[in-house]
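Letter by letter, the chains look like this.
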Amino acid sequence: MSDRLSVFKTYKLYVGGKFPRSESGRVYEVTDSKGKWLANAPLSSRKDARDAVVAARKAFGGWSGATAYNRGQVLYRVAEMLEGRKDQFVREVADAEGISKSKAAAQVDAAIDRWVWYAGWTDKIAQIVGGANPVAGPFFNLSTPEPTGVVAVVAPQESSFLGLVSVIAPVIATGSTAVVIASEKSPLPALSLGEVLATSDVPGGVVNILTGKTAEIAAPLAAHQDVNAIDLTGTDAELARDLEIAAADNLKRVLRPQPVDFAADPGTHRLTAFLETKTVWHPTGSLGASGSAY
């Protein structure tokens, strides 16, 4: 039997529901923990970052306008797709993080479970952070959460899949759209996640995934006037400071980096980090001559 050449995978960006190469035409080598070559990943440019923001803004109206229940169904469909491609992600996570297949399998299982967990929150978070407010006067006073808009997310550098899912899912679960900068040294699980998103029910542009030099891509996103918030989880202290200064120009919401155990219970703080609260006053009115109110 003759030997055959393996067909190596070409990894591409995921922007606007499509798979473009970097506008710059550049790539960089991705290696495993032992320095073995795994693949070439796109080296995103500032233009790629701007294109991703345009795609995220275009998708925001439809995604934020969908019912919370529908968003939950869409996210659950992603978990189904991830379950079907578990073996691929186990292999990529093991290579990316230099861990055994059994440990990688545990990470992938946890990531899929985390995605399901956030899918379940889509139609429940409003009851937690919203509601009727007691006021002195003949008024209804109701507070409801609304998505912030376009969120730039710097994914964790070390947790290439569980951490990645933990920062993307809460952003889109609450109705915002995301421009994600994948781990610089371990980007392949993120690019494969883009393939899952493209074949699920998530509309194009809701999640956009860029790879390359974190600082190079994050700088234009932090300063971008059409980005409403930024999650700095995957940055070091110096880069986080520079990005926060840039983000102040249009008063972006900023989630500062802090040590995170992604295997622990995530709580709801990432769900609420990129929500705005809208409060509405409405007179109660009067019913008939008796003066009773409703």
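One can find the structure itself at the top, above this paragraph.
The structure reproduced in this document is the subject of the present report. The model shown is predicted, which means the values in this text are computed figures rather than measured ones.

The rules behind the values
- Residues numbered from 1 in each chain as written.
- Predicted model: local features only at pLDDT ≥ 70, side-chain atom pairs only at ≥ 80, totals over all residues.
- Heavy atoms only, no water.
- Core = buried A, V, L, I, M, F, W, Y, C linked by side-chain atoms within 4.5 Å.
- Buried < 20%, exposed > 50% of the residue type's maximum accessible area, 1.4 Å probe, protein only.
- Helix = DSSP H or I, 4+ residues; strand = E, 2+ residues; numbered from the N terminus.
- Contact = heavy atoms within 4.5 Å.
- Pairing = 2+ DSSP bridges.

**Considerations on the nonpolar core**
Part 1 of the reasoning: Grouped together as the largest cluster of nonpolar side chains are 61 residues, with contacts concentrated most on Trp115, Phe161, Val180, Leu197 and Ile209.
Part 2 of the reasoning: Examining the composition of this core, we find that 9 residues originate from one element, helix α6 (residues 162–173), more than from any other.
Part 3 of the reasoning: Ignoring any residue separated from it by four or fewer positions in sequence, one finds Phe161 in contact with Leu82, Phe89, Val93, Glu97, Val108, Ala111 and Pro189.
Part 4 of the reasoning: If you look at the next biggest cluster of nonpolar residues, it comprises 24 residues, including Ala222, Val227, Leu232 and Ala240.

**Things to note about the environment of Glu184**
Part 1 of the reasoning: Mapped onto the elements, Glu184 comes out in the loop between β6 (177–181) and α7 (188–198).
Part 2 of the reasoning: In this structure, the C-alpha to C-alpha distance between Glu184 and Tyr28, residues 156 residues apart in sequence, is 9.9 Å.
Part 3 of the reasoning: Those residues in contact with Glu184 that lie beyond four places of it in its chain are Tyr28, Gln157, Gly212, Lys213 and Thr214.

**Overview of the pairing of strand β4 (residues 139–147)**
Part 1 of the reasoning: As judged from the 2 bridges shared by strand β3 (residues 131–132) and β4, these two strands associate in the antiparallel manner. If you follow Ala132 over to β4, its bridge partner there is Leu142.
Part 2 of the reasoning: What sits between the antiparallel neighbours β3 and β4 is a turn of 6 residues, in which Gly137 has the positive phi angle 150°.
Part 3 of the reasoning: Note: β4 against strand β10 (residues 275–283), 9 bridges, orientation antiparallel. Considered in β10, the bridge of Ser143 is made with Thr279.

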